[in-house]
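Analysis of the macromolecular model
Listed below, chain by chain, are the residues.
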Amino acid sequence: MRIPTCFAQMARVLTGPVALAALGVLPALAQETAPEAAPADAAAPALNSGDTAWMLVSTALVLLMILPGLALFYGGLVRAKNILSVLMQCTMITAVVIVVWVLWGYSFAFGGGQSPFWGGFGKAFLAGVTPQSISGSIPEYVFICFQMTFACITPALIIGGFAERIKFSAVILFVVLWATFVYFPIAHMAWDSAGLFFNWGTMDFAGGTVVHINAGIAALVGAVMIGRRAGYGRDNMAPHALPLTLTGAGILWVGWFGFNAGSALAANGSAALAMINTFTATAGAVIAWSAIEKLVRGKASMLGGASGVVAGLVAVTPAAGFVGPVGAIVLGMIASAVAYYFVTVVKIRFGYDDSLDVFGIHGVAGIIGAIGTGVLASSSLGGVGYAVGVSMGAQVWTQFVAVAVTVVWCGVVSAILYKIVDLAVGLRPVPEAESQGLDITSHGEVAYHT
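The structure reproduced in this document is the subject of the present report.

Rules used in this analysis
- As a convention, each chain's residues are numbered from 1 in the sequence order in which they are written.
- Restriction of local features to residues with pLDDT of at least 70 applies here, the model being predicted, together with a cutoff of 80 or more for giving and counting side-chain atom pairs; totals for whole chains, interfaces and linings are based on all residues.
- Hydrogens are left out, water is left out, and the side-chain values use all remaining heavy atoms of the structure.
- Lines fitted to the C-alpha atoms define the axes, with helices restricted to the stretch that makes contact. Angles between their N-to-C directions range from 0 to 180 degrees.
- Labels follow the DSSP assignment, with helices taken as runs of H or I lasting at least four residues and strands as runs of E lasting at least two, numbered in each case from the N terminus.
- Angles are sorted into four bins: roughly parallel if under 35 degrees, roughly antiparallel if over 145, roughly perpendicular if 65 to 115, and oblique for all others.
- In a left-handed crossing the near helix is turned counterclockwise from the far helix by less than a right angle, and in a right-handed crossing that turn is clockwise.
- Contacts are assigned to residue pairs that have any heavy atoms within 4.5 Å of one another.
- Asp, Glu, Lys and Arg are counted as charged, while Ala, Val, Leu, Ile, Met, Phe, Trp, Tyr, Cys and Pro are counted as nonpolar; the rest, among them Gly, fall into the polar class.
- Two rings belonging to Phe, Tyr or Trp (six-membered ring only in the last case) form a pair when the distance between their centres is within 6.5 Å. Interplanar angles under 30 degrees mark stacking, angles over 60 mark edge-to-face geometry, and anything in between is tilted.
- Burial here depends on accessible area, computed with a 1.4 Å probe over protein chains only, as a share of the maximum for the residue type. Under 20% is buried, over 50% is exposed, and the range in between is partly exposed.

Each pair of packed helices can be summarised by the angle the axes make with each other and by the distance between the axes. Where helix α12 (residues 302–316) meets helix α14 (residues 358–376), the axes come as close as 8 Å, and the angle between the chain directions of the two elements is 40 degrees. Judged on the interaxial angle alone, α14 and α12 are oblique. Crossing hand, α12 versus α14: right-handed. Contacts from S307, V310, A311, V314 and A315 of α12 reach α14 at I361, H362, A365, G366 and G369. The class makeup of the residues in the contact of α12 with α14 is six nonpolar, four polar and no charged.

To continue, consider the packing of aromatic side chains. This model, assessed by the stated rule, comprises 24 aromatic pairs. On the basis of an interplanar angle of 40 degrees and a centroid distance of 6.1 Å, the ring pair of F73 and Y74 is categorised as tilted. Like Y74, F73 is buried. With a centroid separation of 6.0 Å and an interplanar angle of 40 degrees, the aromatic rings of Y106 and F110 are classed as tilted. Within this pair, Y106 and its partner F110 are both found in helix α5 (residues 83–110), separated by four residues, close to a single helical turn. The residues Y106 and F110 share a single accessibility class, namely buried.

Below is the structure:
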């Protein structure tokens with residue numbers, strides 16, 4: 001079977017011998033990039049136990065990013081009366097998307113269809129998949145599970161844009177619709193070998209367009225359509241438990257090694273490059289955010305440090321397997337600085353209530369990372385280089401167009417889906433419920449007893 005993955009994309013993009021040698025995977029990738037040289041009776045893909053073991057671990061690490069990582073990160077940022085609502089939303093989104101992924105999501109993203117926009121119904125209900133099915137060098141079930149965790153975390157990220165002011169039923173209905181009509185098509189475009197972005201030669205190693213730009217734009221649209229929190233700009237809405245936020249950020253960083261290095265879909269040099277870049281970009285982003293805070297406000301905050309962690313992780317996601325470690329530091333620093341500006345200046349100037357800065361960090365840093373990948377992938381800047389005949393300008397343009405398509409598709413479709421959900425069940429709780437807190441009014445419990 002063909003390999004509908006970012007590993008196949010790596011094989012397609014990294015055609016230069018210098019880049020391949022730098023990754024330490026020249027023989028394997030050279031076979032992928034020169035199929036015409038392969039013998040007619042080439043052996044079928046073989047299972048690799050080392051790759052399989054690494055992908056089992058990576059899949060578990062990405063799940064750890066959601067529960068408890070993202071849940072704690074978001075939970076600490078909201079007010080005490082709403083922490084359980086955020087935790088429950090993350091938990092239920094994960095469960096619902098797992099079911100949706102198995103029933104039709106995997107097929108829509110990687111179903112074997114030849115459309116550039118979606119994968120078709122060929123693998124609905126995982127039709128034809130058995131324990132003996134192979135995807136690359138790993139069991140197809142492992143690939144399904146790995147991609148499933150990406151599908152789970154992306155809509156969970158969105159809820160930070162309108163935290164503390166949305167109905168639980170609205171969240172779940174929106175997530176099912178959004179995953180179906182936004183996430184699965186974009187995942188197909190970026191990572192399936194028939195996909196639009198894939199065939200443009202777009203570099204998106206682990207989900208700059210698919211995960212972060214997608215989530216950031218959907219969160220911004222939701223924040224605007226749902227409206228500001230009651231008392232926004234007047235009441236104290238400071239995070240109630242920054243220690244929880246830092247704990248969540250730390251778990252996210254650890255889990256992100258599965259997210260980025262796991263996207264090589266093998267235990268090889270590409271995974272190693274993604275791993276070190278996940279270290280260096282994040283470190284650069286934390287330093288940049290804290291330095292800017294010190295210069296502008298006189299103090300470097302813990303909230304800023306945690307925000308820098310996420311900004312760096314987001315920025316390096318599309319670039320992880322393509323840029324060098326020093327380039328990753330630069331990318332993390334630039335993305336962190338731009339995200340800081342959006343969080344502290346742009347949001348206030350335009351007056352939208354992106355509660356937990358999903359657009360300001362995930363959307364903005366994701367865009368910087370996606371376009372910056374086109375620059376920093378250059379071998380002259382320490383990256384792995386471009387496909388044969390592709391210049392830096394051409395690659396940057398490809399990155400830009402893929403970002404633009406993602407922004408427009410996600411923005412328009414998300415707005416339509418929010419309106420449908422509002423008409424069906426209503427987006428926002430009544431003012432009294434919002435004032436009392438969603439923990440007690442939506443879930444009948446409180447996090448803290450005094």
